[in-house]
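What follows is each chain in one-letter form.
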Amino acid sequence: KLWLCDRHIRVHFCFAAEHRQALTVMAGQVLLAIFFSLCLSASGQAAVGTYVTADDIRMANDAALKAEAACVSGSSMTIDDYDTARAQLVDASANNILRTIMTEAATQEEMTTLVTERLPSAMIGAAAPLIMFFILLIFYTFCCCWTACPFCKCCRCCARLRQIPFLAKLLFLLMIGGFVLALVIVSSLSTRGYAKATEGFDVTNCAAAKMVNATFQGQADPYFLGLIPVLTIFDELQGSLAAGSTFITSLTGILDNTKEITDAVAVAKANVDLLANMLADSSNIEPTGTLHECIGCAALSTTLAQVGTALTTGTAQALSSARVEVNNQLSGSSLENLRSSMGIATAPLVELKTTVKNAFEPFVSDTIMEQISDQLAANGTVASVFMIGLALVLAACAMISIIMWMCQEKSSSDRGQPVYYKRVHRCACCTWCCGCYYTMLAFFLGGLLTILAVPLSSFCLILEDISSDLLHSIAAPMNLNLTGPEGDMMGSMIDQCIGNATGNPRLLDLISVPDANGNTVTMYDLLVGQTKDQIASQFDQIGTSMNTGGASIATSDDFVLLKNMLSTIALDTMMLPKSSYDWAGDANYQDMLANSDMAPYIASTAACADNVVPTGFGLTGEGTTQKGITSFLSTLSPTYAASTISRSNCASDFTCKTSAQLGATDYAACEAAKKFMDLKFAIRSQTIFKCRRFTVSSVPCTVQFMAQVGGTWTGDCKEADGTFTEVTYDCDLPTFVALVQAYSGLLDLVFARVDSSTSSALSQIQVNLKNLLDVNFLDKIATVGNGVTCGFMGTTYRDVVNGLCYGGVWGIKAVASSYTACAVLTLLLILLMYVQWRLAIDNVNESGKVMDGSTPVVPM
C-alpha cells in the first residue's frame with residue numbers, strides 16, 4: 001500500500017483501477033508542482049516578516065539527508081535512444097492531447113469543456129487492449145467455454161473423424177513453438193519496463209530531494225548560493241538599511257565626522273575654477289580696443305589646470321567622492337528606493353522558496369517515492385514472474401499437447417480399430433482455456449496502463465517543451481497573467497533557468513525593478529552596478545590616488561610652481577601688443593616703426609616699469625628685459641615731446657614738437673607714438689577687464705579671512721546651502737593684476753585646509769567607513785549578486801523530467817506494450833490450440849462411432 005499523507009488518500013498499488021488512480025494522482029501532483037513552482041516564483045508578492053523560518057531550516061536539513069540517501073539508488077538517467085523514446089511518448093499521449101486542448105482553449109471553462117469532450121475519446125482510442133479484453137470476455141463467456149462442455153457437443157459443429165498427417169502435426173509443433181518462444185520473450189520484456197519505471201522513480205526521488213536541497217542550501221556546480229543564505233542576507237541587509245539601525249547610525253556618524261573633507265575640496269575647487277574662469281575670459285586675454293594680449297595668462301592657466309587635475313584626481317577628491325557616493329546611495333530617497341527594490345527582488349525568491357517547499361514537502365518529509373519504487377520493484381518483479389510463469393505453463397501445456405498428439409494420439413483395440421487417447425484433447429483444452437484467461441488478464445492490464453499513459457505522457461511532453469512561447473500559448477486557460485514586466489520576467493526565467501541546459505545565468509539579471517530615476521533596470525544592475533560597484537570604485541580611487549600622487553597637494557610640485565608663478569608674474573608685464581597684428585599696415589602706428597628710437601616700444605608691456613621676464617615658468621623671452629610705459633615716455637621726452645601732461649596712470653600724455661623742429665618723418669613718428677601711448681593709457685585706466693569673486697547673500701566675499709574656529713571653518717564663502725555664487729564685475733588692469741597675484745596666498749590657504757582635512761579623514765574613510773560598508777553591505781551585495789543563479793534548475797529539472805517521464809511513464813508504457821503483445825501472441829496460440837483440440841476431441845468422439853460402423857473416416 002501507498003500512503004499519500006499530504007492528501008490523506010490510501011491507494012492500493014495493484015493491477016486494478018486503484019493502480020491507475022495512484023499513479024495518476026502521484027504523477028499529476030509531481031508534474032503540476034514543478035510547473036507551477038516555476039510560474040509562481042516570478043509572480044508572487046513579498047512575504048511579511050522574517051524570510052527564513054525554523055521550518056525552512058528543518059526542511060533544508062531533511063532534504064540534504066534525503067538527497068544523500070535517495071541518490072544512492074540513482075541520481076540520473078541515461079536515455080539510450082532519445083528520439084525513439086520521445087516518439088513513443090508522443091504516440092502514447094494521443095499526439096499530446098492535453099497541450100492541444102490547452103492551446104486551443106481561451107478560458108479555463110473552455111478548457112474543462114474540451115477535456116470532457118476530447119480526452120475520453122483520445123483515451124478510448126488508446127484503449128484498444130481494454131476493448132479487446134471485453135470482446136474476448138464476451139466471446140469466451142457466450143461461445144468458447146460452451147464448446148468445451150461435454151453436454152454442449154452441439155456447439156462443436158462439423159465434428160468428424162480426421163486422420164492428420166505427421167507433417168501437419170509437425171507444422172503445428174513448429175508454429176506453436178515459435179509462438180511460445182515469442183510469448184516468453186515478450187512477457188519477459190515487462191521486467192525491463194518495471195525496472196525502467198523503478199529506476200525513473202528513484203531518479204525522480206533523488207532529483208526532487210536535490211532540487212529542494214539545492215534550492216534551499218545551494219550547490220557548488222553549477223554554483224548557486226541557496227535561497228536560505230540569500231534570503232538570510234537580504235534579511236540582514238533590510239535590517240542594516242532600516243532607519244535607526246546600528247549600521248545606518250554608524251554610517252551617519254562617520255559621514256558627519258568627515259564632512260569637512262567634502263567642504264574643503266569644494267572650497268578649493270571653487271577657487272581654482274574661479275581663477276581659471278578669470279584667466280580664460282576673452283576680455284582678459286585680449287582686452288577690448290587695446291590691441292594687446294595677455295601672453296602670461298595661458299602659462300598660468302596651464303599650471304592651474306595641472307593643479308586642478310591634481311585636486312580632482314588626488315586623495316582628497318577620492319575621499320570626498322567616496323564619502324559623497326556613500327551618502328548619495330545610502331541616505332534619503334536613494335536608501336528608500338534601495339530598500340524597496342530589495343523587497344521587490346526578495347518577493348519572487350520568497351515565493352519560489354514557499355512553492356518548492358509546498359510542492360516537494362511530501363518527497364522530503366514522507367516516503368512516497370520510496371514506497372512507489374519499492375512497490376514497483378517488488379510487485380513489478382512478482383507481476384513479471386507471474387506473467388512469465390503463466391507463459392511458461394502455457395508453453396509447457398501446448399508443447400506437451402502437441403507432442404502427445406504427434407506421438408501418442410491413439411492405439412489399436414482388440415479388434416484392430418484405432419482408439420484415441422482423451423489426454424491429448426484434454427491437455428489441449430486446458431491450454432486454450434487457460435490461454436483465454438491469460439489473454440484477458442494481459443489485455444486488461446495492458447489497456448489500463450495504456451489509458452494511464454495518455455495524460456501522463458502528455459503532461460511529460462508539456463513539461464519537457466516548457467518555454468516562454470509555450471507558456472504564453474497556454475496562459476489563458478491557466479489564468480496566468482503574462483502581460484507587462486511580470487510576464488516578461490516569468491518568460492525569461494523559464495527560458496534562461498529551465499531551457500538553458502548549459503549556462504548558469506544570474507537570477508537577479510532576470511528581475512526588473514525601477515531605479516532612483518524611475519528607469520527600469522535589472523536587480524543586478526541596481527544592487528551591483530549602480531550601488532556596490534560605484535561605491536567600491538570610489539574607494540579604489542583612494543588607493544590609486546595615494547599611489548600616484550600622494551595625499552598632499554599643498555606641497556606638490558605643480559602647486560608650488562603655481563604659487564611661485566602667481567606671486568612672481570604680474571600680468572601687466574605679460575600684457576603685450578598683439579604680435580599677430582599688422583602694425584606696419586596700420587596708418588595710425590606705422591610711422592612709429594620708421595623711428596629707430598620708438599620702434600622697439602611697439603613690443604612694450606602694459607606695465608609702467610621695465611621688467612625682466614621670469615625664468616623657469618616656460619614664458620616667452622625668459623631672462624630678457626621688456627620695456628615698460630615709463631621707459632617709453634622717457635624715450636619720447638624731451639627728444640620728441642615738447643611737454644608731457646600727467647594722467648591718472650603712468651601713461652602720460654605729451655605734445656610733440658613741431659614738424660619744423662623734428663622734421664616730417666620724426667614728427668609723424670611722434671604723432672604715431674602719441675596714439676600708441678593712448679592705447680597704453682586705455683588698457684591701464686579703463687574697466688575693460690572681467691574680474692571675478694564670490695558673494696554670500698549678495699555680499700562680496702574672499703577666502704582671505706577663512707579660518708577654523710572651534711573645529712568649524714568660517715569665511716570660506718559658501719552659501720547657506722553649501723554652494724558657491726561666482727559673480728563677474730568690470731575692473732581695470734591694476735585691479736585684475738592684483739587680484740590674480742593675491743591667489744598665490746588664497747590658494748595656499750585653501751589647499752592647506754585640504755591637506756589638513758585629508759589627513760584627518762583618511763583613516764576614517766579609507767579604513768573605518770570601508771570596513772563598515774564591507775561587513776554590512778558591500779560584501780553581502782557581492783555575495784548575493786554572484787550567488788543568486790538558476791543554472792541548477794535546468795539540470796535538476798531535466799533529471800526530474802527524465803526520471804518521471806523517460807523512466808516512470810515510459811516504463812509504464814513499456815509494461816503496457818509488453819502485456820498487450822503477450823495478449824496478442826497468446827490469442828494466436830489459443831487459435832492454434834483450439835484447432836488442435838477440436839481435431840483431437842472430434843477424433844475421440846467420432847472414433848467410437850467408427851467402431852460401431854456408423855461413421856466413415858475422413859482422411860486429412
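Caption draft 1: A look at the overall build of the protein chain. Counting secondary structure elements, the protein chain contains 25 helices and 19 strands. The contacts of the protein chain with a sequence gap of at least 6 include a subset with a gap of at least 24, amounting to 79%.

Caption draft 2: Representation of the nonpolar core. Formed by 227 residues in total, the largest nonpolar core has its most connected members in Leu571, Leu747, Phe751 and Phe777. Ranked by residue count, the leading element in this core is helix H25 (residues 791-851), at 25 residues. In this view, leucine 747 contacts Asn271, Val272, Leu275, Leu304, Phe559, Leu562 and Leu566; residues no more than four positions away in its chain are not counted. Listed in part, the 24 residues of the second largest apolar core include Ile602, Tyr640, Ala641 and Ala672.

Caption draft 3: Looking closely at the sheet that holds strand S15 (residues 699-701). In space, the three strands of this open sheet follow the order S15-S14-S18, with antiparallel pairing throughout. At either margin of the open sheet sits one strand with a lone partner, and together these are S15 and strand S18 (725-731). Taking each pair of neighbouring strands and ignoring which way they run, the sheet shows an average axis angle of 55 degrees. Both strand S14 (residues 689-696) and S15 contribute to a ladder of three bridges, which runs antiparallel. Following the sheet pairing, threonine 695 is matched in S15 by proline 700. Helix-sheet contacts for helix H24 (residues 733-787) involve S14 and S18, and the interaxial angle to S14 is about 55 degrees.

Caption draft 4: The arrangement of the packing of helix H10 (residues 259-280) against H24 in detail. Where H10 meets H24, the closest approach of the two axes is 8 Å, and the angle between their N-to-C directions is 155 degrees. Comparing the axis directions of H10 and H24 gives the class roughly antiparallel. Along this stretch, H10 crosses H24, giving a crossing that reads as left-handed. Classifying every residue of the contact of H10 with H24 gives 20 nonpolar, three polar and three charged.

Caption draft 5: Representation of the state of the cysteines. A complete count under the given rule lists eight disulfides for this structure. Between the sulfur of cysteine 71 and that of cysteine 206 lies a disulfide, 1.9 Å long from S to S. Where cysteine 71 bonds to cysteine 206 through sulfur, the torsion about that S-S bond is close to 90 degrees, and the disulfide is right-handed. With a gap of 135 residues between them, cysteine 71 in the loop between helix H2 (54-70) and helix H3 (82-92) and cysteine 206 in helix H7 (residues 166-217) connect regions that are remote in the sequence. The exposure class assigned to cysteine 206 is buried, which follows from its relative accessible area of 0%. Disulfide pairing is shown between cysteine 656 and cysteine 670; the S-S distance is 2.0 Å. Taking the sign of the torsion about the S-S bond as the criterion, the disulfide between cysteine 656 and cysteine 670, at about -95 degrees, is left-handed. Of this pair, cysteine 656 sits in strand S13 (residues 653-656) while cysteine 670 sits in helix H23 (residues 664-685); the two residues are 14 residues apart in sequence, bridging distant segments of the chain. Assigned by exposure class, cysteine 656 and cysteine 670 land together as buried. The thiol of cysteine 433 is unpaired, and the distance to the nearest cysteine sulfur, on cysteine 429, comes to 3.9 Å.

Caption draft 6: View of unusual backbone geometry. The omega torsion of the bond from aspartate 221 to proline 222 falls at -10 degrees, within 30 degrees of zero and hence cis. Residue proline 638 is bonded to the preceding serine 637 through a cis peptide linkage, with omega at 10 degrees. Even without being glycine, asparagine 95 reaches a positive phi, approximately 60 degrees. By relative accessible area, which is 60% here, asparagine 95 ends up exposed. One non-glycine residue, cysteine 717, lies in the positive phi region at around 70 degrees. On the basis of relative accessibility, which here comes to 2%, the residue cysteine 717 falls in the buried class.

Caption draft 7: Here's a closer look at the confidence of the model for the protein chain. Of the residues in the protein chain, 90% reach a pLDDT of 70 or more, and the chain-wide mean stands at 83. A low-confidence stretch, residues 1-49 stays under pLDDT 50, and its non-local contacts, those more than four residues away or across chains, total 111 contacts. Ignoring residues within four places in sequence, the model shows residues 854-860, a span with pLDDT below 50, making 17 contacts including any to other chains.

Caption draft 8: Region of interest: the pattern of salt bridges. All chains considered together, the criterion is met by 30 salt bridges. The shortest N-O distance in the salt bridge between glutamate 104 and arginine 118 comes to 2.7 Å. With glutamate 104 in helix H4 (residues 97-104) and arginine 118 in helix H5 (residues 108-125), this pair connects stretches of sequence that are 14 residues apart. Exposure remark for glutamate 104: the relative accessible area of 41% places this residue in the partly exposed category. Between aspartate 263 and lysine 718 there is a salt bridge, and its shortest N-O distance comes to 3.4 Å. Residue aspartate 263 is found in helix H10, and its partner lysine 718 is found in the loop between strand S17 (712-714) and S18; the two are separated by 455 residues along the sequence. The exposure class assigned to aspartate 263 is buried, which follows from its relative accessible area of 15%.

Caption draft 9: Region of the structure containing the packing of aromatic side chains. The full count for this structure, using the stated rule, is 18 aromatic pairs. Summarising the aromatic geometry, the rings of tyrosine 589 and phenylalanine 676 are spaced 6.3 Å apart at their centres and angled 80 degrees between planes, so their arrangement reads as edge-to-face. Residue tyrosine 589 is found in the loop between strand S9 (575-577) and strand S10 (611-612), and its partner phenylalanine 676 is found in helix H23; the two are separated by 87 residues along the sequence. Using a relative accessible area of 8% as the deciding quantity, one classes tyrosine 589 as buried. By relative accessible area, phenylalanine 676 is classed as buried at 0%. Within the aromatic cluster, the residues linked to one another by ring pairs are Tyr581, Trp583, Tyr589, Tyr601, Phe632 and Phe676. Sitting above the plane of the tyrosine 524 ring, arginine 506 keeps its charged end 3.7 Å from the centroid.

Caption draft 10: View of H24. Between its first and last C-alpha atoms H24 spans 66 Å; for 55 residues at 1.5 Å apiece the expected length is 81 Å, and the helix comes up short by more than 12%. Residue aspartate 774 marks the point of greatest curvature in H24, where the axis turns by about 60 degrees.

Caption draft 11: Just the environment of leucine 679, in detail. Mapping leucine 679 onto the fold places it in helix H23. Judged by its relative accessible area of 8%, leucine 679 is buried. Along the chain, leucine 679 and leucine 291 lie 388 residues apart, while their C-alpha atoms are 7.7 Å from each other. If sequence neighbours within four positions are ignored, leucine 679 has contacts with Gly289, Thr290, Leu291, His292, Trp583 and Tyr589.

Caption draft 12: Seen up close, the pairing of S14. Pairing analysis gives seven bridges linking S14 to S18, with the strands arranged antiparallel. Within S18, the residue paired with arginine 692 across the bridge is threonine 728. Hairpin connection of S14 to S15: two residues between the antiparallel strands, including serine 697 at a positive phi of 55 degrees.

Caption draft 13: The arrangement of the side chain of threonine 215 in detail. As for its position among the elements, threonine 215 is in helix H7. Residues contacting threonine 215, with those up to four places away along its chain left out, are Lys210, Phe224, Gly226, Leu227, Val356 and Phe792.

Caption draft 14: Quick peek at the side chain of asparagine 776. Within the element layout of this structure, asparagine 776 appears in helix H24. Among the polar contacts made by the side chain of asparagine 776, one reaches the main-chain carbonyl oxygen of leucine 772 at a distance of 2.9 Å. Residues in contact with asparagine 776, not counting those within four places in the same chain, are Leu237, Ser240 and Phe247.

Caption draft 15: Structural detail: helix H12 (residues 297-313). The terminal C-alpha atoms of H12, which comprises 17 residues, lie 24 Å apart, in line with the 24 Å expected from a rise of 1.5 Å per residue. When H12 is considered as a whole, its buried residues turn out to be Cys297, Ala299, Leu300, Thr303, Leu304, Val307, Gly308 and Leu311. Buried positions along H12 lie against H10, helix H11 (282-285), strand S4 (292-294), helix H13 (315-329), helix H20 (557-568) and H24.

Conventions used here
- Residues numbered from 1 in each chain as written.
- Predicted model: local features only at pLDDT ≥ 70, side-chain atom pairs only at ≥ 80, totals over all residues.
- Heavy atoms only, no water.
- Helix = DSSP H or I, 4+ residues; strand = E, 2+ residues; numbered from the N terminus.
- Contact = heavy atoms within 4.5 Å.
- Core = buried A, V, L, I, M, F, W, Y, C linked by side-chain atoms within 4.5 Å.
- Buried < 20%, exposed > 50% of the residue type's maximum accessible area, 1.4 Å probe, protein only.
- Pairing = 2+ DSSP bridges.
- Axes fitted to C-alpha atoms, helices over the stretch in contact; angles between N-to-C directions.
- Parallel < 35°, antiparallel > 145°, perpendicular 65-115°, else oblique.
- Left-handed = near helix turned anticlockwise from the far one by under 90°.
- Nonpolar A, V, L, I, M, F, W, Y, C, P; charged D, E, K, R; others polar.
- Disulfide = S-S within 2.5 Å.
- pLDDT = per-residue confidence, 0-100.
- Salt bridge = Lys/Arg side-chain N within 4 Å of Asp/Glu carboxyl O.
- Phe/Tyr/Trp six-rings, centres within 6.5 Å; stacked < 30°, edge-to-face > 60°.
- Lys NZ or Arg CZ within 6 Å of the ring centre and 35° of its normal.
- Expected span 1.5 Å × (residues − 1).
- Bend = angle between axes of the 7 residues up to and from the residue.
- Polar contact = N/O pair within 3.5 Å; in protein donor to acceptor, adjacent residues only side chain to side chain.

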